[in-house]
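# Understanding the architecture of this molecule
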Amino acid sequence: MKSPDRSAAIRKSAAAKRSKKPPAKKSERVRPGRRSRLGPAAVTELFRRLADANPEPKSELEYVNPFTLLVAVVLSAQATDAGVNRASRALFKIADTPEKMVRLGEDSVRDFIKTIGLYRNKARNVIELSRRLVAEYGGNVPHDRTALEALPGVGRKTANVVLNVAFGEPTMAVDTHVFRVANRTGLSAGTTPLEVEEDLLRVVPAEYAHHAHHWLILHGRYVCKSRHPECPACIIRDICLYEAKTPCAE
Ligand code: SF4
């Protein structure tokens, strides 16, 4: 017969096992010790300066409505905005709605976008997502993250861009530029786009949240470049915590 102490210990251990959550996937893991290293005052000042320099930042992708924005972002995966614009200008002139895109057909879409990387897959996705928009949403782009992410070729970053630009939500689309600038400055120490997104959502003051990802993209594209960051000319140099800053000329 088990002693009362031993029975209680067994019950406690079984309860602990039952209450254990399954381990989080790597992409969902949160690392509390590896997050933003900038304090709230520094973060506010960083965005105040970026906002002063460019009060109304815009996407550099060309589009005429939420549908063409969605298609342009799908086309921009592993491609430059300039390259996408060159191809999409002619395409959007004749197919600026899902109905017109479906009528145009996959072969023609492929011809329009063949200068963009992964164009075969992208043409297939553009036609299939257009079909789904017509069949399921009356030809409209849904204002809903889950619905957007269920469309072919649409991931979290694309959904974040559409929710932000087309619907005005304060989402943080993390591309390679945002990821780099956030890590260099100390806004985040995230090791995945999702971790950086979570950090930005947590630390960016509400008044700057709507435009934050555009400011970071543009800063990464033109100033805080991957190989040669232009630190001497950077307007947030004194706030940024990057240890390998490009030195100022003597
Ligand atoms: S100081 Fe240099 S590393 Fe820091 S944000 Fe500016 S350009 Fe990037």
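Right, let's walk through the structure included here. The written sequence of each chain sets the order in which its residues are numbered from 1. Only residues with pLDDT of at least 70 are given local features in this predicted model, and only at 80 or more are side-chain atom pairs given and counted; all residues enter the totals for whole chains, interfaces and linings.

### Section: the site of the ligand
Nearness here is judged by the C-beta atom: place it from the backbone, and if it falls within 6 Å of a molecule or strand, the residue counts as near that partner. Around the ligand lies a shell of 14 residues, among which Cys 224, Pro 229, Cys 231, Cys 234 and Cys 240 are the nearest. Side-chain classes follow a simple rule in which Ala, Val, Leu, Ile, Met, Phe, Trp, Tyr, Cys and Pro form the nonpolar group, Asp, Glu, Lys and Arg form the charged group, and the remainder, Gly included, forms the polar group. Among the residues making up the shell around the ligand, the classes are represented as nine nonpolar, one polar and four charged.

### Considering helix α10 (residues 176–185)
For α10, the set of buried residues is Val 178, Phe 179, Val 181, Ala 182 and Thr 185. In this fold, the buried residues of α10 make contact with α2 (40–53), α11 (193–203) and α13 (212–222). Put simply, DSSP marks the helices as runs of H or I at least four residues long and the strands as runs of E at least two long, and each gets a number from the N terminus on. Gly 186, located one to two residues past α10, shows a positive phi value of around 100°. Exposure classes come from backbone-placed C-beta atoms, where a residue is buried if 20 or more other C-beta atoms lie within 10 Å of its own, exposed if 12 or fewer do, and partly exposed in between. Contact between two residues is assigned whenever their backbone-derived C-beta positions fall within 7 Å.

### Thoughts on the environment of Lys 58
Residue position: Lys 58 is located in the loop between α2 and α3 (66–75). Take Lys 58: there are 10 C-beta atoms within 10 Å of it, and that puts it in the exposed class. Taking the C-alpha atoms as reference points, Lys 58 and Val 165, 107 residues apart in sequence, are found 8.7 Å from one another.

### Considerations on the environment of Tyr 222
Relative to the helices and strands, Tyr 222 resides in helix α13. Residue class for Tyr 222 comes out exposed when judged on the 10 C-beta atoms lying within 10 Å of it. Sequence spacing of Tyr 222 and His 177 is 45 residues, and the spatial spacing of their C-alpha atoms is 9.8 Å.

### Side note on the packing of α10 against α11
Axis lines are fitted to C-alpha atoms, over the contacting stretch for helices. Their N-to-C directions set the angle, which ranges from 0 to 180 degrees. It is at 10 Å that the axes of α10 and α11 come closest, and there the two elements cross at 60°. Crossing of α10 against α11: the hand is left-handed. Residues Val 178, Phe 179 and Ala 182 of α10 pack against Pro 193, Val 196, Asp 199 and Leu 200 of α11. In terms of residue class, the contact of α10 with α11 is built from six nonpolar, no polar and one charged. Each helix crossing is assigned a hand: it is left-handed if the near helix lies turned anticlockwise from the far helix by less than a right angle, otherwise right-handed if that turn is clockwise.

### Looking at unusual backbone geometry
Its identity is not glycine, yet Gln 78 carries a phi of approximately 55°, on the positive side. For Gln 78, the location among the structural elements is in the loop between α3 and α4 (81–94). Judged by C-beta crowding, with 10 C-beta atoms within 10 Å, Gln 78 ranks as exposed. Despite not being glycine, Leu 118 shows a phi value in the positive range, around 60°. Its location among the elements puts Leu 118 in the loop between α6 (106–112) and α7 (119–137).

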